[in-house]
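Breakdown of the fold
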Amino acid sequence: MTDKAASGANHAPETAQGDGAARPLMLRGFAIHQGFLDRPAQERMLEELRAVQRAAPVFRPVTPGGKRMSVRMTSAGRYGWYSDRKGYRYEPRHPSGSAWPPIPPSVMAVWRALGDARRDPDCCLVNFYGEGARMGLHQDRDEADFSYPVVSVSLGDDGLLRVGGTDRREGTQSLWLHSGDVVVMGGAARLAWHGVDRIRFGSSGLLSDGGRINLTLRVVD
Ligand code: SIN
Ligand code: FE2
């Protein structure tokens, strides 16, 4: 894992011992790799995401219940995540009718370092949180095979992650995610309930207009 992380994803030197990657922080089965991407790596990723956004402009999906989400979204990869009155699902095309752009190399490198070696992800969902945006408690369960983890990258402003158990009635715990953190949601926690209660708008200088970007990498079918 150490070699892959070092060559693939610009792993921040977190351990004084210099013997490899720091152990992730565990929160209810989520593995939180704090500071996985250093600032130059975050900037390179942001640059590649600009191209994704040009090819596939962000939109605000409507939930099956008819509410417009506060988070703006787009995707890269073979599939994009989508929602409307008909339900949550993956679509092979952006609402404009174009295919989704490819997942950027810097993002793929994170999957190769921390994701699952059996397969590359089919979808990189890109979520933009502006001031006041949040993501309600949910499970990621629109994918066919839950043995693959979901890998989540945070860029920009801090976001307050809330994590519960696989049963909605279980209690939750919260943790602030910072720019460059990577969360691996796998194993027994693959179907854990989670959400983002709020962001600290303007807490990071990474995005010139403020806000937070979260990327989630998923194997879909
Ligand atoms: C998500 O669960 O889809 C987003 C998580 C995050 O924004 O950190
Ligand atoms: Fe999620």
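Structural data are supplied above this passage.
A brief structural summary. (Residues numbered from 1 in each chain as written. Chains lettered and ligands numbered in written order. Predicted model: local features only at pLDDT ≥ 70, side-chain atom pairs only at ≥ 80, totals over all residues. Heavy atoms only, no water.)

Quick notes on the overall build of the protein chain
Test applied: Strands here are runs of E lasting at least two residues and helices are runs of H or I lasting at least four, both read from the DSSP assignment and numbered beginning at the N terminus. Atoms counted for the radius of gyration: C-alpha only. Globule rule: 2.2 Å times the number of residues to the power 0.38. Remark: exposure states derive from per-residue accessible area (1.4 Å probe, protein chains only) relative to the maximum for the residue type, with buried under 20%, exposed over 50%, and partly exposed in between. Residue contacts follow a heavy-atom distance rule, with two residues in contact if any of their heavy atoms lie within 4.5 Å. Residue exposure ignores everything except the shown protein chains as possible cover, and the areas themselves are Shrake-Rupley values with a 1.4 Å probe.
A tally of helices and strands in the protein chain yields 3 helices and 13 strands. Here the protein chain has a C-alpha radius of gyration of 16 Å; the compact-globule value for 221 residues is 17 Å, and the two agree. Taken along the three principal axes of its C-alpha coordinates, the protein chain extends 55 × 40 × 40 Å. Split into buried and exposed, the 221 residues of the protein chain put 53% on the buried side. If you take every contact in the protein chain between residues at least 6 apart in sequence, the share linking residues at least 24 apart comes to 71%. When the accessible surface of the protein chain is summed, it comes to about 10,200 Å², and 49% of that surface belongs to carbon and sulfur atoms.

Quick look at the coordination of the iron ion (ligand 2)
Six octahedral donors around a metal ideally make angles of 90 or 180 degrees; four tetrahedral donors ideally make 109.5 degrees. Condition: The rule for donors is simple: an N, O or S atom within 2.8 Å of the metal counts, and for Na, K and Ca the reach is 3.2 Å. Water is not among the atoms, so a site may look short of donors. Angle rules define the geometry names used: all angles between 85 and 135 degrees makes four donors tetrahedral, while opposite donors over 155 degrees apart and all other angles between 65 and 115 make four donors square planar and six octahedral, leaving every other case irregular.
Of the protein atoms, only His 138 (NE2), Asp 140 (OD) and His 194 (NE2) coordinate the iron ion (ligand 2), at distances of 2.1 to 2.2 Å. Classification of the site at the iron ion (ligand 2) rests on its 4 donor atoms, whose angles at the metal span 86 to 176°, yielding the label irregular. Going along the chain, you hit the donors of the iron ion (ligand 2) in the pattern H-x1-D-x53-H. Pair noted here: Asp 140 is in the loop between strand 7 (135-138) and strand 8 (150-156) and His 194 is in strand 12 (residues 194-199), with a separation of 54 residues, a long-range link. For His 194, a relative accessible area of 6% corresponds to the buried category.

Section: the packing of aromatic side chains
The description of two aromatic rings rests on the distance between their centres and on the angle between their planes. Heads up, the rule is: Between rings of Phe, Tyr and Trp, where Trp is taken as its six-membered ring, a pair exists when centres lie within 6.5 Å; planes separated by under 30 degrees are stacked, by over 60 edge-to-face, and by other angles tilted. Any Lys NZ or Arg CZ found within 6 Å of a ring centre and within 35 degrees of that ring's normal is scored as a charge over the ring.
Across all of its chains, the model carries 2 aromatic pairs by this definition. On the basis of an interplanar angle of 50° and a centroid distance of 5.7 Å, the ring pair of Phe 59 and Tyr 82 is categorised as tilted. Of this pair, Phe 59 sits in the loop between helix 2 (39-55) and strand 3 (72-77) while Tyr 82 sits in strand 4 (residues 80-84), placing them 23 residues apart in sequence. We note that Phe 59, like Tyr 82, is buried. Over the ring of Trp 176 we find Arg 200; its NZ or CZ atom is 3.9 Å from the centre of that ring. Over the aromatic face of Tyr 129 sits the side chain of Arg 212, whose NZ or CZ is 5.0 Å from the ring centroid.

Brief notes about the sheet that holds strand 13 (residues 212-218)
Paired through backbone hydrogen bonds, the strands of a sheet run either parallel or antiparallel to each other. As a reminder of what qualifies: DSSP calls a pair of strands paired once it identifies at least 2 bridges connecting them. Axis definition: a line fitted to C-alpha atoms, over the contacting stretch in the case of helices. Angles run 0 to 180 degrees between N-to-C directions.
With antiparallel pairing, 7 strands are arranged side by side in an open sheet as 1-2-11-8-13-6-3. Only two strands of the sheet have a single neighbouring strand rather than two, namely strand 1 (25-27) and strand 3. Direction aside, neighbouring strands of the sheet carry axes that sit 20° apart on average.

A word on the sheet that holds strand 7
Pairing within the open sheet is antiparallel, and its 4 strands lie in the order 7-12-9-10. Lying at the two open borders of the sheet, with one neighbouring strand each, are strand 7 and strand 10 (173-177). Along the sheet, successive strands turn relative to each other by an average axial angle of 25°, direction set aside.

Description of the pattern of salt bridges
The condition is simple: Just to be clear on terms, a salt bridge is a Lys or Arg side-chain nitrogen sitting within 4 Å of an Asp or Glu carboxyl oxygen.
For the structure on display, the rule yields 17 salt bridges. Here the residues in one salt-bridge network are Arg 78, Arg 119, Asp 122 and Asp 221, joined through shared partners.

Digging into the layout of surface pockets
Rules: In this analysis, the protein atoms alone were mapped onto a 1 Å grid. Cavities are point sets where a 1.4 Å probe fits without being able to get out; pockets are open sets with protein on both sides within 12 Å along at least five of seven lines; lining residues have an atom within 4 Å of a point. Grid points are joined across faces, edges and corners, and a volume is the space filled by probe spheres set on the points. Side-chain classes follow a simple rule in which Ala, Val, Leu, Ile, Met, Phe, Trp, Tyr, Cys and Pro form the nonpolar group, Asp, Glu, Lys and Arg form the charged group, and the remainder, Gly included, forms the polar group.
Considering only enclosed or pocket space, the largest pocket measures out at about 590 Å³ in volume. Taken together, 33 residues line the largest pocket, and the ones lying closest to its centre are Met 69, Met 73, Met 135, Gly 136 and His 138. Looking at the lining of the largest pocket, the elements with two or more residues in it are strand 6 (123-129), strand 7, strand 11 (182-185), strand 12 and strand 13. Per-class residue counts for the lining of the largest pocket are 14 nonpolar, 10 polar and 9 charged. Along its surface, the second largest pocket is lined by 15 residues, and Gln 53, Phe 128, Leu 207, Gly 210 and Ile 213 are the ones closest to its centre.

Points about the site of ligand 1
The cut-off we apply is this: When we say a residue is near a molecule or strand, we mean one of its heavy atoms is within 4 Å of it. Under this definition, polar contacts are N or O atom pairs within 3.5 Å; protein pairs additionally need one hydrogen-donor-capable and one acceptor-capable atom, and for neighbouring residues in sequence, both atoms have to be side-chain atoms.
By nearness alone, every residue bordering ligand 1 is listed as Asn 127, Tyr 129, Met 135, His 138, His 194, Val 196, Arg 212 and Asn 214. One of the side-chain nitrogen or oxygen atoms of Tyr 129 is found 2.5 Å away from an oxygen atom of ligand 1. Within the side chain of His 194, a nitrogen or oxygen atom sits 2.9 Å from an oxygen atom of ligand 1. Protein contacts shield 98% of the accessible area of ligand 1, which totals 260 Å² for the unbound molecule. Those elements that place two or more of their residues in the shell around ligand 1 are strand 6, strand 7, strand 12 and strand 13. The residue makeup of the shell around ligand 1, split by class, is 3 nonpolar, 4 polar and 1 charged.

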